[in-house]
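Chain by chain, the residues run as shown.
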2 protein chains.
Amino acid sequence: MKLKFFILSTLSVILASPCFSQEALGSSAPVLSPIINPDKTVTFKLKAPKAVKVQIMGDCIADGQVADMSEGDGGVWSYTTPKSLPSELYSYSFIVDGLKINDPSNVFQVRDVANLSNFFIVTGGRGDVYAVNDVPHGTLSKVWYDSPSFGFSRRMSIYTPAGYENSKKRYPVLYLLHGMGGDEEAWITLGRAVQILDNLIAKGDAEPMIVVMPNGNVSQQAAPGEASGGLAQPDFNLPKTMDGGYEASFLEIVDYVDKHYRTIKSKRGRAIAGLSMGGFHSMNISRYYHDKFDYVGLFSAATTEHVRGDSPVYTDIEGLLARQFSTPPTLYWIAIGKTDFLYDANVRYRNLLKQKGYEYEYFESEDGHIWRNWRVYLSEFITKLFR
Amino acid sequence: MKLKFFILSTLSVILASPCFSQEALGSSAPVLSPIINPDKTVTFKLKAPKAVKVQIMGDCIADGQVADMSEGDGGVWSYTTPKSLPSELYSYSFIVDGLKINDPSNVFQVRDVANLSNFFIVTGGRGDVYAVNDVPHGTLSKVWYDSPSFGFSRRMSIYTPAGYENSKKRYPVLYLLHGMGGDEEAWITLGRAVQILDNLIAKGDAEPMIVVMPNGNVSQQAAPGEASGGLAQPDFNLPKTMDGGYEASFLEIVDYVDKHYRTIKSKRGRAIAGLSMGGFHSMNISRYYHDKFDYVGLFSAATTEHVRGDSPVYTDIEGLLARQFSTPPTLYWIAIGKTDFLYDANVRYRNLLKQKGYEYEYFESEDGHIWRNWRVYLSEFITKLFR
């Protein structure tokens, strides 16, 4: 009785708290949304009695499209996908009379640059790789390191695989780089890197490895909200991300990791991969530091033709490439989607490699420059490393 | 030129991506919100041309109140606080025709149970303690440990102070517990624990310490979204949180931490504190394991009169309290706000302590059962530890 009283008292106080309580507005029972139906169609609901038009947008509808929701009893708008959704991670938002909002019934959101969307996972296939499952879990840490090259502390995300803490073993390291507008959080949130690693390592499909996700915007200490200088909103276009400075300074990150973690401190124990700008960085870093990375992954990458400026990283590209491939990496893996705006540049880069006789593997997917592809590429790439 | 082309191309692709882009709706330049004006008033803006009524709620307005926003040019609604806001962390939401939404111009949100709100910080005073500043930063890790008591893996947040990685020193440990509806994320997000620790340690106001933030809901592996079993929405009222099981099992957490971190493995090197239910847990754990914790912090805590059930943790309370105070903790610190619904219970608990002659320190604040108070209590409490 009294326990119940305590719980209800606490609840009522929290509900009365002005800031953290939508219930304080006096709405009745909240709607459940999204609902993954037994046939894997998905139903979305929003209670908005005063709205005139409510729509839903997201990759669960169709790329680039918006669907109208219908109003039912009590001002609850709903929409059910016409077909079952294949197992995947999906994202969506509502549009209420032209204003994009997130689903108030779903606390799960991801940020892409300055945009928040809700997400959900349809399990039973690929989506299972992105879900948290009952498998041994690695540790995710947010680590600050001093950057001598830039003169301030910078933040990175580091994943150590399950068992790392209880072992004396040395582990290989994947350096995993984000794209423009991203930061050290992007592979964790949008990329589901922790879940992908946990799940594929548990299945034996990937070797236990450390994964280092640095921040590739060298004008930044850390992701928005995590750096000094106030709560600056995310900016897509930051200075100095593609001037060679990041690539040239990259060994300061490798040195930090080799010093503080039980790593295999040689080429055979290191992989580097990234998406878009991060693929560009991976291409450049692995070429410039030709004896450091034995596995290279270019996911929807910008290529040599996007190089600008006179950084030593960007000069004599063919000579540096020849040096890199004189003792070739065990794997040079290029992945891109058929409709990616960088597709043609990647064809030309592959042609250059072919012409010079440099071996690479190629993975082509549907669709374009989207996170759904990058999650797939990561899931494929890590199965090929360190075996 | 071509770099610019690449950036713009990438940008246009991302803007065209259906899921992660409010800009894809074709709105013009986004409004800036919130704006902290030079006089420390704060202006909020929302572009919602079709809305009939737009309001703002939050502790930046006044507890429990809602203010009307006014429509200006281009359907941009705005509101400026009538007075300067004292330096603090504030939260808010908008209400558009009765529908609570978050500010689309501000990606910074915190989750309290199932409710998301935007937040911002007014600096120049107490808010500085909650902001990220140019000080040495500790590492925050999300760690899974096997729980023999409950038979599954569980997740906790662990903060190690700046310098930990480069030292061989042993550090004291604060165990910091959340309240009902919270989890291992609550002190990190709503509580700003990392910033408070970083800032006060850097100023020399707190000793460098490890801070362990476990999940006190023993029916849960981890915070919503971080546990297996799908993306279950947060639930305020979880089973088995106040039946003594968590308290009785607590040494499995201490053992894990003592085994994996360079800790001072004795009473003088351990503190335990928590808010609300976490204060109740701290009271019980420190009493039941009387020789383990030298510093105890009860923040807006439920007390002995909320004990129910026949757990050994909950029996012979006066006897166990006598044993605890026979070699008293160096600090037994009780903090509560004047309007907290647990205020009277805390008066009665303090009277019990007084009557028995058990020494404690008392800190009373304005207001009630709210995070603003718990951030203050943490900021005060840690200055008193391990010195």
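Data block above holds the structure.
Residues numbered from 1 in each chain as written. Chains lettered and ligands numbered in written order. Predicted model: local features only at pLDDT ≥ 70, side-chain atom pairs only at ≥ 80, totals over all residues. Heavy atoms only, no water.

Peer 1: Let's hear about the overall build of chain A: which residues, and what values?
Peer 2: The helix and strand tally for chain A stands at 10 helices and 18 strands. Compactness check: chain A gives a C-alpha radius of gyration of 23 Å against a globular reference of 21 Å for 387 residues, within 12% of the reference. Expressed as a percentage of the 387 residues in chain A, the buried residues total 63%. Long-range contacts, defined here as pairs at least 24 residues apart, represent 73% of the contacts in chain A between residues at least 6 apart. Carbon and sulfur atoms make up 52% of the accessible area of chain A, which totals about 14300 Å². When the 39 basic and 42 acidic side-chain charges of chain A are each reduced to a single mean position, those positions are 4 Å apart. (Helix = DSSP H or I, 4+ residues; strand = E, 2+ residues; numbered from the N terminus. Rg over C-alpha atoms; globule rule 2.2 N^0.38 Å. Buried < 20%, exposed > 50% of the residue type's maximum accessible area, 1.4 Å probe, protein only. Contact = heavy atoms within 4.5 Å. Areas by Shrake-Rupley, 256 points an atom, 1.4 Å probe, with all protein chains shown as cover. Lys, Arg positive; Asp, Glu negative; His and termini not counted. Charge placed at Lys NZ, Arg CZ, Asp CG, Glu CD.)

Peer 1: I'd love a proper account of the sheet that holds strand S1 (residues 35-36) of chain A, names of residues and values included.
Peer 2: Each strand in a sheet pairs with its neighbour through backbone hydrogen bonds, running either in the same direction (parallel) or in the opposite one (antiparallel). Residues and elements named next belong to chain A. Within the open sheet, the 4 strands sit side by side as S1-S2-S6-S5. Their pairing is antiparallel. Where the open sheet ends on each side, the last strands, each with one partner, are S1 and strand S5 (70-71). Examined bridge by bridge, S1 and strand S2 (residues 42-47) share 2 bridges and lie antiparallel to one another. Looking at the pairing, Ile35 lines up with Thr43 of S2. (Pairing = 2+ DSSP bridges.)

Peer 1: Which residues make up the interface of chain B and chain A, and what values go with them?
Peer 2: Contact residues are listed per partner, giving 89 residues for chain B and 90 residues for chain A. Both sides of the chain B and chain A interface together cover about 7700 Å² of buried area, and 68% of this is carbon and sulfur. The tally of links between chain B and chain A comes to 13 residue pairs in polar contact (both at pLDDT 80 or more). Looking at the side of chain B that touches chain A residue by residue, the classes come out as 44 nonpolar, 30 polar and 15 charged. (Buried area = accessible area lost by both parts, 1.4 Å probe. Polar contact = N/O pair within 3.5 Å; in protein donor to acceptor, adjacent residues only side chain to side chain. Nonpolar A, V, L, I, M, F, W, Y, C, P; charged D, E, K, R; others polar.)

Peer 1: Could you give me a rundown of the sheet that holds strand S6 (residues 76-80) of chain B, with the residues and numbers involved?
Peer 2: Residue and element names in this part refer to chain B. Spatially, the 4 strands line up as an open sheet ordered S1-S2-S6-S5, and their pairing is antiparallel. Sheet topology places strand S1 (35-36) and strand S5 (70-71) at the edges, where each strand pairs with a single neighbour. In this structure, strand S2 (residues 42-47) lies alongside S6, joined through 5 bridges in antiparallel fashion. What sits directly across from Thr43, in S6, is Thr80.

Peer 1: Please set out the packing of aromatic side chains residue by residue, giving values where relevant.
Peer 2: Here the distance between the centres and the angle between the planes together describe a pair of aromatic rings. Under the definition given, this model contains 56 aromatic pairs over all chains. For the ring pair Tyr175 of chain A and Phe293 of chain A, a centre distance of 6.0 Å and an interplane angle of 85 degrees mean the geometry is edge-to-face. Placement of the pair is Tyr175 of chain A in strand S13 (residues 173-177) and Phe293 of chain A in the loop between helix H7 (277-288) and strand S16 (295-299), with a sequence separation of 118 residues. Note on accessibility: Tyr175 of chain A and Phe293 of chain A belong to one class, buried. Look at Phe44 of chain B and Tyr92 of chain B: their rings are 4.7 Å apart centre to centre, the planes differ by 55 degrees, and that puts the pair in the tilted class. Note that Phe44 of chain B is positioned in strand S2 and Tyr92 of chain B in strand S7 (residues 88-96), a separation of 48 residues in sequence. (Phe/Tyr/Trp six-rings, centres within 6.5 Å; stacked < 30°, edge-to-face > 60°.)

Peer 1: So what's going on with the packing of helix H8 (residues 317-326) of chain A against helix H9 (residues 343-356) of chain A? Residues and values would help.
Peer 2: Residue and element names in this part refer to chain A. Between H8 and H9, whose axes approach to 12 Å, the crossing angle comes to 60 degrees. Accordingly, the angle class assigned to the pair H8 and H9 is oblique. The hand of the H8/H9 crossing is right-handed. Contacts between H8 and H9 pair Glu318, Leu321 and Phe325 from the former with Tyr349, Leu352, Leu353 and Lys356 from the latter. In the contact of H8 with H9, the residues fall into 5 nonpolar, no polar and 2 charged. (Axes fitted to C-alpha atoms, helices over the stretch in contact; angles between N-to-C directions. Parallel < 35°, antiparallel > 145°, perpendicular 65-115°, else oblique. Left-handed = near helix turned anticlockwise from the far one by under 90°.)

Peer 1: Explain the pairing of strand S18 (residues 361-365) of chain A to me, and be specific about the residues and the numbers.
Peer 2: Remark: a regular strand shows side chains that alternate across the two faces of the sheet. Residues and elements named next belong to chain A. As defined by bridge partners, strand S17 (residues 331-337) adjoins S18 across 5 bridges and the pair is classed as parallel. Across the sheet, residue Ala335 finds its bridge partner in S18, namely Phe363. After leaving S17, the chain enters H9 and then returns to the sheet as S18, a path that is right-handed. (Right-handed = clockwise from strand over helix to strand, strands pointing away.)

Peer 1: Kindly report on the relation of the copies chain B and chain A, identifying the contributing residues and their values.
Peer 2: Mapping chain B onto chain A calls for a screw motion: a turn of 180 degrees about the axis and a shift of 0.0 Å along it, with 0.0 Å RMSD after fitting. Put plainly, the chains are arranged around a two-fold axis. For chain B, the residue whose C-alpha comes nearest the rotation axis is Ser141 of chain B, separated from it by 2.0 Å. Most of the interface of chain B is mirrored in chain A: 99% of its interface residues are interface residues there too. (Least-squares fit on C-alpha atoms with pLDDT ≥ 70 in both.)

Peer 1: Can you tell me about the environment of Met277 of chain A, naming the residues and giving the values?
Peer 2: All names here are of chain A. Relative to the helices and strands, Met277 is located in helix H7. Each C-alpha atom of the pair Met277 and Met180 lies 5.7 Å from the other, and the pair is 97 residues apart in sequence. Excluding residues that lie within four positions of it along the chain, Met277 makes contacts with His178, Gly179, Met180, Gly216, Asn217, Thr241 and Met242.

Peer 1: An account of helix H10 (residues 371-381) of chain B is requested, with residue identities and associated values reported.
Peer 2: Working note: α-helix, 3.6 residues per turn, so residues spaced by three or four point in the same direction. With 10 of 11 residues buried, H10 of chain B lies mostly within the body of the structure. Among the residues of H10 of chain B, Trp371, Arg372, Asn373, Trp374, Arg375, Val376, Tyr377, Leu378, Ser379 and Phe381 of chain B are the ones counted as buried.

Peer 1: Outline the pattern of salt bridges, listing residues and values.
Peer 2: All names here are of chain A. Counted according to the given criterion, the structure contains 27 salt bridges over all chains. Here Arg387 makes a salt bridge to Glu207, at a shortest N to O gap of 3.1 Å. Of this pair, Arg387 sits in the segment after helix H10 (371-381) while Glu207 sits in the loop between helix H4 (193-202) and strand S14 (210-213), placing them 180 residues apart in sequence. Classification of Glu207 by relative accessible area gives partly exposed; the value is 27%. One salt bridge connects Asp367 with Arg372, and the closest N-O pair in it is separated by 2.7 Å. For Arg372, a relative accessible area of 16% corresponds to the buried category. (Salt bridge = Lys/Arg side-chain N within 4 Å of Asp/Glu carboxyl O.)

Peer 1: Before we move on, can you summarise helix H6 (residues 251-260) of chain A with the specific residues and values?
Peer 2: All names here are of chain A. Extensive coverage of H6 is indicated by the burial of 7 of its 10 residues. Regarding H6, the residues found buried are Leu251, Glu252, Ile253, Val254, Tyr256, Val257 and Asp258. Check the buried side of H6 and you find it contacts strand S11 (139-147), strand S12 (152-160), S13, S14, helix H5 (245-248) and strand S15 (270-275).

Peer 1: Account for unusual backbone geometry, naming residues and giving values.
Peer 2: Residues and elements named next belong to chain A. For the bond running from Ser33 to Pro34, omega is -5 degrees, close enough to zero to count as cis. Structurally, Pro34 can be placed in the loop between helix H1 (2-16) and S1. In this structure, Lys240 is a non-glycine residue whose phi angle is positive, near 65 degrees. Note that Lys240 resides in the loop between S14 and H5.

Peer 1: Quick rundown of the environment of Gly75 of chain B? Include the residues and the values.
Peer 2: Residues and elements named next belong to chain B. Secondary-structure assignment places Gly75 in the loop between S5 and S6. Placed 126 residues apart in sequence, Gly75 and Ile201 show a C-alpha to C-alpha distance of 47 Å. In contact with Gly75, other than residues within four places in its own chain, are Leu46, Lys47, Ala48 and Pro49.

Peer 1: Give me the lowdown on the pairing of S6 of chain B, citing residues and values where you can.
Peer 2: All names here are of chain B. Pairing analysis gives 2 bridges linking S5 to S6, with the strands arranged antiparallel. By the bridge assignment, Glu71 is partnered in S6 with Trp77. Counting the residues between successive antiparallel strands, the hairpin from S5 to S6 contains 4 residues, one of them, Gly74, with a positive phi of roughly 70 degrees.

Everything listed is a geometric property; what it means functionally is a separate question.
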